[in-house]
Amino acid sequence: MITRQRSLAVAAAAMITCAGCGESPETLEREAMKYLAKGDRVSAAIQFKSLLARQPGHAEAHFQMGRISADIGAVAHAEGFLRRALELGKPFEDVAGPLAQALLDLEKYKELLALLEPDPKRSASTESRMQGEFALLRGRAYLGQRDYRSAGTQFQLALSAQPAKAKLGLARIALTQGDRVRAEQLIQEVLASNPHDAESQLAVAELRRAAGTPDQALQHFAQAAKLQPDHAIALMSHAIALITAGRVDEARPLLERAKKLAPASSLLHFSQALIECKERRYPLCRELLQQVFEIAPGYMPA
């Protein structure tokens, strides 16, 4: 099955190379943006690829390909496209957020922190929301490095602009340090102010799982997927929780939906590997895990 999928990918790449050969770069960009506006990322990617074949130095095409790659879970490709867009002159304020998120997903914490270091050559953004987003990203990178003091400082800096996400970051630190009372207080504050936010529900679910309460985590994963049915991470996380609970048949339709949204995601490969492991198809499980390692070599669950 995997061999067939790779063959189809090669065929698709050949089609992309030929698509739009007779159109001007301006037409290709205009058509690509129209597809994006309709939510058709596949067609948009084909047009942007054709544009890059004509103009390899087109910054906007690299930027949009980076965003599309990140959306479908191909974060390693996303990093390459976004870095190239930055090199070609795309404004740092546009690229920094998506590129930093890709580096976070790839567990490249040092690179993320280096990216967001103040640079005298570029003007510092005064927009509070962006500064809050950067502080959150730094906090998550420090968490990945187990530097809880620095992470806490960054989450505190993000509190005014991004209160819910910052509080959840502080809750994770409290949980790591054994302060369950403080962690629970912060979680309840977030749930009270953001009961219908899928991202908040997803983050709370992760915290519940880390706290060793998988039944509560499963409820929040389910709520996140219900609130935002097109959220690929929520769907896959809910599926993993169901598989872990032995409810594989309920997980399958969630993964089918997620596959349409993020077919290249390492989390999708991991979810499918879990099912193969549960059902004792170990060779296929191993092959799927190998695909995870190609994307995220340090992913501990795999």
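Please refer to the structure placed before this passage.
Read on for an overview of the structure.

On to the side chain of Arg208, then. Mapped onto the elements of the fold, Arg208 is located in helix 12 (residues 198-210). Here Arg208 falls in the buried class, since its relative accessible area comes to 8%. Here Arg208 is in contact with Glu184, Ile187, Gln188, Thr213, Gln216, Ala217 and His220, once residues within four sequence places are set aside.

What follows covers unusual backbone geometry. Unlike most non-glycine residues, Glu107 shows phi in positive territory, near 60 degrees. Inspection of the secondary structure assignment puts Glu107 in the loop between helix 6 (92-105) and helix 7 (109-115). With phi around 60 degrees, Arg280 is a residue other than glycine that occupies positive phi space. Among the secondary structure elements, Arg280 is positioned in the loop between helix 16 (266-278) and helix 17 (282-295).

Ranked by internal contacts, the top residues of the largest apolar core, which has 42 residues, are Leu112, Leu115, Leu116, Phe134, Leu137 and Phe155. Among the elements of the structure, helix 5 (75-87), helix 6, helix 7, helix 8 (128-144), helix 9 (148-158), helix 10 (163-176), helix 11 (180-193) and helix 12 are those that each provide at least two residues to this core. Among the nonpolar cores identified, the runner-up in size contains 31 residues, and Ala224, Ile240, Val248 and Phe270 belong to it.

Here we take up the environment of Ala239. The residue Ala239 is located in helix 14 (residues 232-244) in this model. A relative accessible area of 0% places Ala239 in the buried class. As for Ala239 and Arg252, which are separated by 13 residues in sequence, their C-alpha atoms are 7.3 Å apart. Among all residues touching Ala239, those that are not within four sequence positions of it are Ala251, Leu254 and Leu255.

Thresholds applied
- Residues numbered from 1 in each chain as written.
- Predicted model: local features only at pLDDT ≥ 70, side-chain atom pairs only at ≥ 80, totals over all residues.
- Heavy atoms only, no water.
- Helix = DSSP H or I, 4+ residues; strand = E, 2+ residues; numbered from the N terminus.
- Buried < 20%, exposed > 50% of the residue type's maximum accessible area, 1.4 Å probe, protein only.
- Contact = heavy atoms within 4.5 Å.
- Core = buried A, V, L, I, M, F, W, Y, C linked by side-chain atoms within 4.5 Å.

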